[in-house]
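# Per-entry structural report
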Amino acid sequence: RACRLLTLLLLIALCATDVVAAGLADGFAKLTGSNFRAKAEAVDVIADSGDPRASHVLQALLDGRLYARRDDKRVVILSDGDAASIEDATTGEALGAADKSALKKIAINNQMRLALRAALARLSLSDPDPEARLAAVQALATSPSEQTQAMLLQALERESDAGVKRAMAVVAALADLAAATPAERLAAVETVRGSMLGEVRNRLARLVETDADGKPLEADAEVRAAAASAIREIDATRSRYQFIETLFFGLSL
């Protein structure tokens, strides 16, 4: 019975490996074509393949380092160092020096760049290292949107680290600072209140700015007041940190 169980587990593992490999292969088949819509679909196929090399492959594609060999259509990654060499995109096997004339670069367009950045962020949000997940969340703060918000809220449901959960909630709320209703904007201000993430203060500042005629850009007075209050809290905390740093530096001297 134990032998049968072990055999079954080995078969399941082999099947899982085949599925992952098939996912990359399906993605590469679409990437090497000329249809950009198919290429954009390939990005999702690779991202969802479960292969540990998916991030590496997609980053190489975004960086313009993913190629197909002209003779056998094998997808390879060009090194980003001084010595031009290539590796197999699927296995990571070193394939030696790169002969650029024997390679065809896999081209991408602006729509694919957006899809690639989103896919890489999604993969980073599932990284086993909480520091890597936190870095991914912070990177998303520079371009809050409905898409990034949905991605973060989905990741938030499975996040276990308290610090990462707080960062996810804050960055997800940044998009709502420009929501349609004052109630949504006010709720977003309260969610980001106290966060020291640099982009938070930048976004709050927009709610208290005025136009050339001195008219507030934010129409709702309660939202403006809440944003101003949150900014004062952030500035006060920064001042305390700076005082402590100065004191520590003075004592160390």
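Structural notes, computed from the coordinates. Everything numeric in this text was worked out from a predicted model, so none of it was measured.

The next thing to look at is the environment of Gly-96. Mapped onto the elements of the fold, Gly-96 is located in strand β4 (residues 94–97). Each C-alpha atom of the pair Gly-96 and Ser-85 lies 5.4 Å from the other, and the pair is eleven residues apart in sequence. Ignoring sequence-local partners within four residues, the contact set of Gly-96 consists of Ser-85 and Ile-86.

With that out of the way, let us pick up the layout of surface pockets. It is a probe the size of a water molecule, rolled over the atoms, that shows where empty space is left. Estimates place the volume of the largest pocket at around 310 Å³. In this structure, the largest pocket is lined by 17 residues; those nearest its centre are Arg-117, Ala-118, Ala-121, Leu-140 and Ser-143. The set of elements that each furnish at least two residues to the lining of the largest pocket consists of α3 (54–62), α4 (110–124), α5 (130–140) and α6 (146–156). Classifying every residue of the lining of the largest pocket gives nine nonpolar, seven polar and one charged.

Bringing the packing of α5 against helix α7 (residues 162–174) into the picture now. It is the contact of α5 with α7, at a shortest axis distance of 9 Å, that shows an interaxial angle of 10 degrees. The orientation of α5 with respect to α7, classified from their angle, is roughly parallel. Here α5 runs over α7; the crossing is left-handed. Residue-level contacts link Pro-130, Arg-133, Leu-134, Val-137 and Leu-140 of α5 to Gly-163, Val-164, Ala-167, Met-168 and Val-171 of α7.

Applying the stated criterion across every chain yields a total of 14 salt bridges. With a closest N to O distance of 3.2 Å, Glu-93 and Arg-74 form a salt bridge. Taken as a pair, Glu-93 in the loop between β3 (85–88) and β4 and Arg-74 in the loop between β1 (66–69) and β2 (75–78) lie far apart in primary sequence, 19 residues in all. Notably, a salt bridge pairs Glu-233 with Arg-193, separated by 2.8 Å at the nearest N-O pair. Taken together, the residues Glu-233 in helix α10 (residues 221–252) and Arg-193 in the loop between α8 (182–192) and α9 (198–206) connect sequence positions 40 residues apart. Using a relative accessible area of 35% as the deciding quantity, one classes Glu-233 as partly exposed. Here the salt bridges do not stand alone but share partners, grouping Asp-44, Asp-48 and Arg-122 into one network.

Together, Met-196, Tyr-241, Phe-243, Ile-244, Leu-247 and Leu-251 make up a nonpolar patch on the protein surface, roughly 660 Å² of accessible area in all. Structurally, Leu-251 is set in helix α10.

Moving on, we come to the sheet that holds β3. Taken in spatial order, the five strands line up as β4-β3-β2-β1-β5 in an open sheet, and their pairing is antiparallel. With partners counted over all chains shown, the strands left at the sheet margins are β4 and β5 (103–105), one partner each. The sheet shows a mean angle of 35 degrees between the axes of neighbouring strands, taken without regard to direction.

On to the pairing of β4, then. In this structure, β3 lies alongside β4, joined through two bridges in antiparallel fashion. When the sheet's bridge partners are listed, Ser-85 is paired in β4 with Ala-97. Taken together, β3 and the strand that follows it, β4, pair antiparallel across an intervening segment of five residues, in which Gly-92 is found at a positive phi of about 85 degrees.

What follows deals with the nonpolar core. Membership of the largest hydrophobic core comes to 33 residues, with the highest contact counts inside it found for Leu-125, Val-137, Leu-152 and Leu-204. Those elements that provide at least two residues to this core are α4, α5, α6, α7, α8, α9 and α10. When residues in this core are grouped by element, the largest group, eight residues, is from α7. Once residues within four sequence positions are removed from consideration, Val-137 is found in contact with Leu-125, Leu-152, Val-164, Ala-167, Met-168 and Val-171.

Conventions we followed
Residues numbered from 1 in each chain as written. Predicted model: local features only at pLDDT ≥ 70, side-chain atom pairs only at ≥ 80, totals over all residues. Heavy atoms only, no water. Helix = DSSP H or I, 4+ residues; strand = E, 2+ residues; numbered from the N terminus. Contact = heavy atoms within 4.5 Å. 1 Å grid on protein atoms, 1.4 Å probe; cavity = no way out; pocket = protein on both sides within 12 Å on 5 of 7 lines; lining within 4 Å. Points joined across faces, edges and corners; volume = space filled by probe spheres on them. Nonpolar A, V, L, I, M, F, W, Y, C, P; charged D, E, K, R; others polar. Axes fitted to C-alpha atoms, helices over the stretch in contact; angles between N-to-C directions. Parallel < 35°, antiparallel > 145°, perpendicular 65-115°, else oblique. Left-handed = near helix turned anticlockwise from the far one by under 90°. Salt bridge = Lys/Arg side-chain N within 4 Å of Asp/Glu carboxyl O. Buried < 20%, exposed > 50% of the residue type's maximum accessible area, 1.4 Å probe, protein only. Patch = residues over 30% accessible without salt bridge, like charges linked within 9 Å, V, L, I, M, F, W, Y side chains within 5 Å. Areas by Shrake-Rupley, 256 points an atom, 1.4 Å probe, with all protein chains shown as cover. Pairing = 2+ DSSP bridges. Core = buried A, V, L, I, M, F, W, Y, C linked by side-chain atoms within 4.5 Å.

The values are spatial; any link to function lies outside them.
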